[in-house]
Amino acid sequence: MTYIADVSALARKDLLLELRAKETLPSMLVFVIATLTIFHFAVPHGTRHVAALGLLWVALLFTALLALTRAFVAEREERLFDALVLAPCDRSAIWLGKALAVLAFLVAAEVVALPAFAAFFSGIDAHTVAAVALADVGICAVGTLLGAMAVAGRARELLLPLLFLPLAVPIVVGGVGASAGAGGRYLLFLAFYDAVFGVLSWAAFEYVVAET
Amino acid sequence: MAAIRAPEQRLEATTMAAVARPIAQNRVAVLGLAAVGLLAAALALIFFYAPTDADQGFSQRIFYFHVPVALTAYVCFGWGAWKALRVLWKRDESADMQSYVAIHQGVVFGALTLLTGSIWAKASWGVWWSWSENQLVLFLVLFLFYCAYFMLRYSVEAGPSRANMCAVYALFGVVLIPVSFLAIRLSQKFIHPVVFTLHGPQMTGAQFLTFCVSLAAMLALFATLYAVELAGKRADADLRELRALLLQ
Amino acid sequence: MIRGRDLAKRYGERRIFAGVDVDLERGGLLLVTGPNGSGKTTLLRMLAGLVAPSAGELALPPRETIGFLGHDPLVYRELTPLENLTLFGRLYRVPEHRERIGMLLERFGLWEKRHERVSTFSRGMQQRLGLCRVLLHEPALLLLDEPANALDADGLELLQAVLEDRQRAVAVATHDSRSVEHLATGRLAFT
């Protein structure tokens, strides 16, 4: 299946680039720990568990934004969108490859962030992990598409959070709800979000990167 | 062989036609008059005809502004999304301008929704904002979303690329409306206990009539502003094109 | 191979060019000349299918038969030549890409440096790698925007060999047409 081959070639390329540069992932790790530390000082004594969980989700969102802002930088600076768009592969493969790579970074950061959160604040249960996993898919799907848009403009570091945060509201609701153990329907909602916006991003990417 | 066919407009012909194009004054004028008339009628009905609400008193009349304005904003965003679909599907570049204007109007009406909602909350409950009012929260999210639309638009150079991106974003917006609404309803269940809700009355005949007239007035207002802004932007573009042609 | 009628491009009210006709067949070489900023690059990008024409009709061959070398060599700077070409070899479904990559790198004098990052290369070497990339999938249509940029004498010889290969259709944009003049079967002069 050439589509899968294309996606894997592109994802491999992104992982390789990060392995070389060693920029994005270390920054994400330091950022998330720093953010959790700041939250400790920002949150008054005796805060409810749910509020602390909310902070986890805020930290994850902004850490993800870090990765997403960097996602298309190489393509932008070296005009490589031209080369990728000209290739006979489906343009959505570019999106999928990139989204998978960002997902890998995000998961790697969470492998550190979640235990850190458990140590700093309160325990992490299976619900939270499941919610994080589902949310990651949505974040990477939508974020990769928006990242490609933002990178075409002038103030790209400013633009991506603005484009992304309103779309992230449902993710936060589903995520916090599920982590707080308020019921399986929040996980279902996250899955629904992933399905809807995943398909939409997959289909729309073509129009964002190519004119013809 | 893949054939790319651009819209059948030669550059010179477009501009010449634009100069000679009869300004659709008549249609806009009629729309404008209709809007003014309906607005006057709506105001009259709201303040003199509609019965005073038993619970909330005089302040409840804001409902006759708030909800029609909100519905009109939805219509704006929906229209913008429809035009966005045409940009992507039919590669219709004129639809880009139409989509932009519709969304611009949507943001204006959205801001008015937030404003009237806030006033209603203050008048009824003494608070300027209520997180338990789903519609209001939804509008806040949408307002932020579509503000980012303008950031996107002004950040990218004009051209088919920008038109495509804005169209995609506009479509994401309409999909966000139901998804967000679901999310907000879910969030009410555990994050914010339901304290107050601003609900419209079970409408009697008189109230329903007032509501409908007000809604019609807001829609007519949107149609007028849309036509005026679109005509203005088109004239702008035509003028610049003409100048560029003459200076060559 | 390419047929364009009455092509025009504008961004807003900024007109880049108008009324351009293009006819290019296998074995032909279209020479596009003009000063910087006259629209050569835009036309070439249009012929590659990257930019949609504002007016006119354009018939292009399928993407896998097109090779485009723009102002930038279009390679990932933090990857090695081998990694770059392997990626594009996979994306273009080049059969037995390993052998072909090796052959191209040797031909363009990059074989010894195949494991070094492109960011360490001179501009001329990057341009050579760009040429490798563009020839990797044996395109029937070659679009080159200022290909002689930064090339040294050896590089220019290699480029000349590419241009003299009559098996393809070639379009070259350059502001210095002396070396290519005699090969051209068609000309477009931008002002």
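Some thoughts on the overall build of chain B
The secondary structure content of chain B amounts to seven helices and one strand. Taken from N to C terminus, the helices and strands of chain B fall in the order β-α-α-α-α-α-α-α. In chain B, which comprises 248 residues, the proportion classed as buried is 39%.

Observations concerning the overall build of chain C
A count of helices and strands for chain C gives five helices and eight strands. Along its sequence from the N terminus, chain C presents helices and strands in the succession β-β-β-α-β-β-α-α-α-β-α-β-β. Counting across all 191 residues of chain C, residues that qualify as buried make up 48%. In chain C, of all internal contacts separated by at least 6 residues, the share reaching a separation of at least 24 is 73%.

Some points on the nonpolar core
Within the largest apolar cluster, 205 residues are counted, with the highest numbers of intra-cluster contacts made by V102, M149, L163 and V208 of chain A, L152 of chain B together with C132 and L143 of chain C. No other element matches the 16 residues that helix α7 (residues 126-152) of chain A contributes to this core. Filtering out sequence-adjacent residues up to four positions away, C132 of chain C remains in contact with L85, L104, L105, F108 and L110 of chain C.

Overview of the interface of chain B and chain A
Taken together, the contact pairs 26 residues of chain B with 27 residues of chain A. Mapped onto the side of chain B that touches chain A, the elements with two or more residues apiece are α5 (134-155) and α6 (160-190) of chain B. Counting residues per element, the side of chain B that touches chain A draws most heavily on α6 of chain B, at 16 residues. A breakdown of the residues in the side of chain B that touches chain A according to their chemical character gives 20 nonpolar, five polar and one charged.

Concerning the sheet that holds strand β8 (residues 186-189) of chain C
Note: strands within a sheet are paired through backbone hydrogen bonds, in either parallel or antiparallel orientation. Residues and elements named next belong to chain C. If you trace the five strands from one edge of the open sheet to the other, you get β5-β6-β7-β3-β8, paired in parallel fashion. In the strand order of this sheet, the two ends are held by β5 (66-69) and β8, each with one partner. The sheet shows a mean angle of 10 degrees between the axes of neighbouring strands, direction not considered. When strand β3 (residues 29-33) meets strand β7 (residues 169-174), the two strands line up parallel, connected through five bridges. Across the sheet, T33 pairs through a bridge with T174, a residue of β7. Contacts between helix α4 (residues 123-135) and the sheet are confined to β5 and β6 (141-145), with β5 contributing the most and set at about 165 degrees to the helix.

A few points about helix α2 (residues 24-42) of chain A
Residue and element names in this part refer to chain A. The end-to-end C-alpha separation of α2 is 26 Å, in line with the 27 Å expected for 19 residues at 1.5 Å each. Turning to α2, its buried residues number three or more, namely T24, L25, M28, V32, L36 and F39. End-on view of α2: buried residues confined to an arc of 100 degrees, all on one side of the axis. Residues P26, A34, T37, I38, H40 and F41 are exposed on α2 and point more than 90 degrees away from its buried face. In this fold, the buried residues of α2 make contact with α1 (2-21), α3 (49-71) and α6 (91-120).

Quick notes on the pairing of β3 of chain C
Residues and elements named next belong to chain C. With four of five residues buried, β3 lies mostly within the body of the structure. Relative to β8, β3 is paired through four bridges, and the arrangement is parallel. Note that in β8 the partner of V32 across the bridge is L188.

Details of the pairing of β6 of chain C
All names here are of chain C. The element β6 is extensively covered by neighbouring structure, given that five of its five residues are classed as buried. Neither face of β6 is exposed, since L141, L143 and D145 on one face and L142 and L144 on the opposite face are all buried. When β5 meets β6, the two strands line up parallel, connected through four bridges. Paired with I66 across the two strands is L141, which belongs to β6. Here β6 runs beside β7; their pairing, made up of five bridges, is parallel.

Looking at the packing of helix α8 (residues 156-179) of chain A against α5 of chain B
For the pair α8 of chain A and α5 of chain B, interaxial distance at closest approach is 9 Å and the crossing angle is 155 degrees. Judged by the inter-axis angle, α8 of chain A sits roughly antiparallel to α5 of chain B. As for how α8 of chain A packs across α5 of chain B, the hand of that crossing is left-handed. From α8 of chain A, L159, L162, L163, P166 and V169 of chain A reach across to α5 of chain B, where they touch V141, L144, F145, A148, M151, L152 and S155 of chain B.

Some details on the environment of T210 of chain B
If you trace the backbone, T210 of chain B turns up in helix α7 (residues 205-247). On the basis of neighbour counts, which here come to 26 C-beta atoms within 10 Å, the residue T210 of chain B falls in the buried class.

As for the environment of M28 of chain A
Residues and elements named next belong to chain A. Along the chain, M28 turns up in helix α2. Overall, M28 belongs to the buried group, with 24 C-beta atoms counted inside 10 Å. Separated by 150 residues in sequence, M28 and A178 place their C-alpha atoms 24 Å apart. Setting aside residues no more than four positions away along its own chain, M28 makes contact with T63, L66, A67, F105 and A109.

A closer look at unusual backbone geometry
All names here are of chain C. The backbone of R93 shows a phi angle near 50 degrees, a positive value even though the residue is not glycine. For R93, the location among the structural elements is in the loop between α2 (81-91) and α3 (97-107). Residue classification places R93 among the partly exposed positions, given that 15 C-beta atoms sit within 10 Å.

Here we look at the environment of N149 of chain C
Residue and element names in this part refer to chain C. Residue placement: N149 occurs in the loop between β6 and α5 (153-164). Judged by C-beta crowding, with 18 C-beta atoms within 10 Å, N149 ranks as partly exposed. Sequence spacing of N149 and V170 is 21 residues, and the spatial spacing of their C-alpha atoms is 17 Å.

With respect to the packing of α7 of chain A against helix α9 (residues 184-209) of chain A
All names here are of chain A. For the pair α7 and α9, the least separation of the axes is 9 Å and the interaxial angle reads 20 degrees. The orientation of α7 relative to α9 falls into the category roughly parallel. Our pair here, α7 against α9, has a crossing hand that is left-handed. When α7 is examined against α9, the residues A130, A131, L134, A135, V137, G138, A141, V142, T144, L145, A148 and M149 are found in contact with a partner set consisting of L187, L190, A191, Y193, D194, F197, G198, S201, A204, F205, V208 and V209.

What to know about the confidence of the model for chain C
Residue and element names in this part refer to chain C. Model confidence for chain C is summarised by a mean pLDDT of 90, while 100% of its residues fall at 70 or above. By mean pLDDT, the top-scoring element of chain C is α2 (95), and the lowest-scoring one is β8 (87). In the predicted assembly, ipTM is 0.92 and pTM is 0.90.

A closer look at helix α1 (residues 40-48) of chain C
All names here are of chain C. Buried residues dominate α1, accounting for nine of its nine residues. By the burial criterion, the buried members of α1 are K40, T41, T42, L43, L44, R45, M46, L47 and A48. Immediately downstream of α1, the backbone of G49 shows phi near 90 degrees, a positive value.

Cut-offs applied
Residues numbered from 1 in each chain as written. Chains lettered and ligands numbered in written order. Predicted model: local features only at pLDDT ≥ 70, side-chain atom pairs only at ≥ 80, totals over all residues. Helix = DSSP H or I, 4+ residues; strand = E, 2+ residues; numbered from the N terminus. Buried ≥ 20, exposed ≤ 12 C-beta atoms within 10 Å, placed from the backbone. Contact = placed C-beta atoms within 7 Å. Core = buried A, V, L, I, M, F, W, Y, C linked by C-beta atoms within 7 Å. Nonpolar A, V, L, I, M, F, W, Y, C, P; charged D, E, K, R; others polar. Pairing = 2+ DSSP bridges. Axes fitted to C-alpha atoms, helices over the stretch in contact; angles between N-to-C directions. Expected span 1.5 Å × (residues − 1). Arc of directions from axis to C-beta. Parallel < 35°, antiparallel > 145°, perpendicular 65-115°, else oblique. Left-handed = near helix turned anticlockwise from the far one by under 90°. pLDDT = per-residue confidence, 0-100.

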